[in-house]
Amino acid sequence: MNKTALRIKKIRNELGLSRKDLANKVGVSISSVESWELGRRVPSWEIFDKLSPILHATKSYLVGTSDDRYGIEEWSKNTGYSVRSLKKDLEKLIASGGSSGDLDKDIATVVVSFDEYNDTSNEIEDNLQMSLIKSVEYLNKIENEEVANQLQRFSEKKFNSMDATAIANGLDFLITAFEKTRENQAEYFSAMVSLGQIINNNNDDYEGAIKNITDLIRFIEKQNKKASDD
């Protein structure tokens, strides 16, 4: 059986189309589709023009002269995005029903979304990294060598936007906590060291670390309650 026969049948099944469905979309008889899939006949070039957008495959792939189903490899070379990433998001677009019926337009849509995501992500990472640096500079004023060592370690790291957001929020909390625990900072220092160890992935006692941080939160809650009662 030739590649054209195998590929038409395989993609048709992947898309959940019956032979009748495909025949209606192309404008041919069911027997024509059957004959293509059994390798008895090969579609005309005009039919390949119709099959390509319906099956979301390039004509060269359907004919069997290329193994690049979507024509992604050239896009990958020109944009720098991996074939795997482009294929994954293109298939998501097709599965969602958002395909335009033109593979190049669909791939362009995916590339634009990648560009927009990367621009936003890079901006978020840069802003949060600055936030981390400022927080670290503030917290480094604390005269506690162990805390300072933990801070120094993760101030030199480059975090992705999700990690940076969580850490920046954690540092904002710790700055507030430092201000509220000036009179009794034993719990603060314990929690600070634990948080630093978690961030730096060098703390095997996670339960103990979480307990230290929880104790600090409870201590601050008591401080806040006391302040509001007064």
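Just so we're clear, the structure is a prediction, and the values are computed from it rather than from any experiment.

Criteria and thresholds
- Residues numbered from 1 in each chain as written.
- Predicted model: local features only at pLDDT ≥ 70, side-chain atom pairs only at ≥ 80, totals over all residues.
- Heavy atoms only, no water.
- Helix = DSSP H or I, 4+ residues; strand = E, 2+ residues; numbered from the N terminus.
- Buried < 20%, exposed > 50% of the residue type's maximum accessible area, 1.4 Å probe, protein only.
- Contact = heavy atoms within 4.5 Å.
- Areas by Shrake-Rupley, 256 points an atom, 1.4 Å probe, with all protein chains shown as cover.
- Salt bridge = Lys/Arg side-chain N within 4 Å of Asp/Glu carboxyl O.
- Phe/Tyr/Trp six-rings, centres within 6.5 Å; stacked < 30°, edge-to-face > 60°.
- Lys NZ or Arg CZ within 6 Å of the ring centre and 35° of its normal.
- Core = buried A, V, L, I, M, F, W, Y, C linked by side-chain atoms within 4.5 Å.
- Axes fitted to C-alpha atoms, helices over the stretch in contact; angles between N-to-C directions.
- Parallel < 35°, antiparallel > 145°, perpendicular 65-115°, else oblique.
- Left-handed = near helix turned anticlockwise from the far one by under 90°.
- Nonpolar A, V, L, I, M, F, W, Y, C, P; charged D, E, K, R; others polar.
- Polar contact = N/O pair within 3.5 Å; in protein donor to acceptor, adjacent residues only side chain to side chain.
- Lys, Arg positive; Asp, Glu negative; His and termini not counted.

**Concerning the overall build of the protein**
Across its full length, the protein carries twelve helices and zero strands. Taken from N to C terminus, the helices and strands of the protein fall in the order α-α-α-α-α-α-α-α-α-α-α-α. In the protein, which comprises 230 residues, the share counted as buried stands at 38%. Sequence-distant contacts in the protein: of pairs separated by 6 or more residues, those separated by 24 or more amount to 58%. In the structure as shown, the protein presents an accessible area of about 13,700 Å², 49% of it carried by carbon and sulfur atoms.

**What to know about the pattern of salt bridges**
Side chains carrying opposite charge are able to pair once their charged atoms draw close together. In the structure shown here, the tally under the stated rule is eight salt bridges. The salt bridge partner of glutamate 34 is arginine 19, with a shortest N-O separation of 3.9 Å. In this pair, glutamate 34 is assigned in helix H3 (residues 30-37) and arginine 19 in helix H2 (residues 19-26), connecting sequence segments 15 residues apart. With relative accessibility at 24%, the residue arginine 19 sits in the partly exposed group. Salt bridges sharing common partners tie together Arg12, Arg19, Glu34 and Glu37.

**Comments concerning the packing of aromatic side chains**
Counted by the stated rule, this structure contains one aromatic pair. The lysine or arginine in question, arginine 7, covers the ring of tyrosine 61, its NZ or CZ lying 4.0 Å from the ring centre.

**Notes on the nonpolar core**
Across soluble globular proteins, you tend to see nonpolar side chains buried next to one another. The biggest cluster of nonpolar side chains holds 16 residues, and the ones touching the most others in it are Ile8, Leu22, Val26, Trp36, Leu51, Leu55 and Leu62. Of all the secondary structure elements, the ones that give two or more residues to this core are helix H1 (3-14), H2, H3, helix H4 (45-55) and helix H5 (59-63). The leading source of residues in this core is H4, at five residues. Aside from chain neighbours lying at most four places away, what touches leucine 51 is Ile8, Leu22, Val26, Trp36, Pro43, His56 and Leu62. Within the second largest apolar cluster, twelve residues are counted, among which are Ile72, Leu86, Leu103 and Val111.

**Some details on the packing of helix H6 (residues 72-79) against helix H7 (residues 83-95)**
Between H6 and H7, whose axes approach to 9 Å, the crossing angle comes to 120°. Judged by the inter-axis angle, H6 sits oblique to H7. Where H6 crosses over H7, the handedness of that crossing is right-handed. Two secondary-structure elements touch here, H6 through Ile72, Glu73, Trp75, Ser76 and Thr79 and H7 through Val83, Leu86, Lys87 and Leu90. For the contact of H6 with H7, the residue count by class is five nonpolar, two polar and two charged.

**Considering the side chain of arginine 69**
As for its placement among the helices and strands, arginine 69 is situated in the loop between H5 and H6. Judged by relative accessible area, which is 14%, arginine 69 ranks as buried. Among the polar contacts listed, one links the side chain of arginine 69 to the side chain of glutamate 14, at a separation of 2.9 Å. When sequence neighbours within four positions are dropped, the list of residues in contact with arginine 69 reads Ile11, Glu14, Leu55, His56, Ala57, Thr58, Tyr61 and Leu103.

**Details of the side chain of aspartate 106**
With respect to the helices and strands, aspartate 106 occurs in helix H8 (residues 103-139). Put simply, aspartate 106 is tucked away with no salt bridge, and the nearest opposite charge, on lysine 105, sits 8.5 Å away. Not counting residues within four places of it along the chain, the set of residues in contact with aspartate 106 comprises Leu90, Leu93, Ser99, Ser100 and Gly101.

**Let's talk about H4**
Turning to H4, its buried residues number three or more, namely Ile47, Phe48, Leu51, Ser52, Ile54 and Leu55. Structurally, H4 contributes buried residues whose contacts are with H1, H2, H3 and H5. The first or second residue beyond H4 is histidine 56, which carries a positive phi of 55°.

**Overview of unusual backbone geometry**
Negative phi is the rule for most residues except glycine; trans is the rule for most peptide bonds. One non-glycine residue with positive phi stands out, namely histidine 56, at about 55°. Structurally, histidine 56 can be placed in the loop between H4 and H5.

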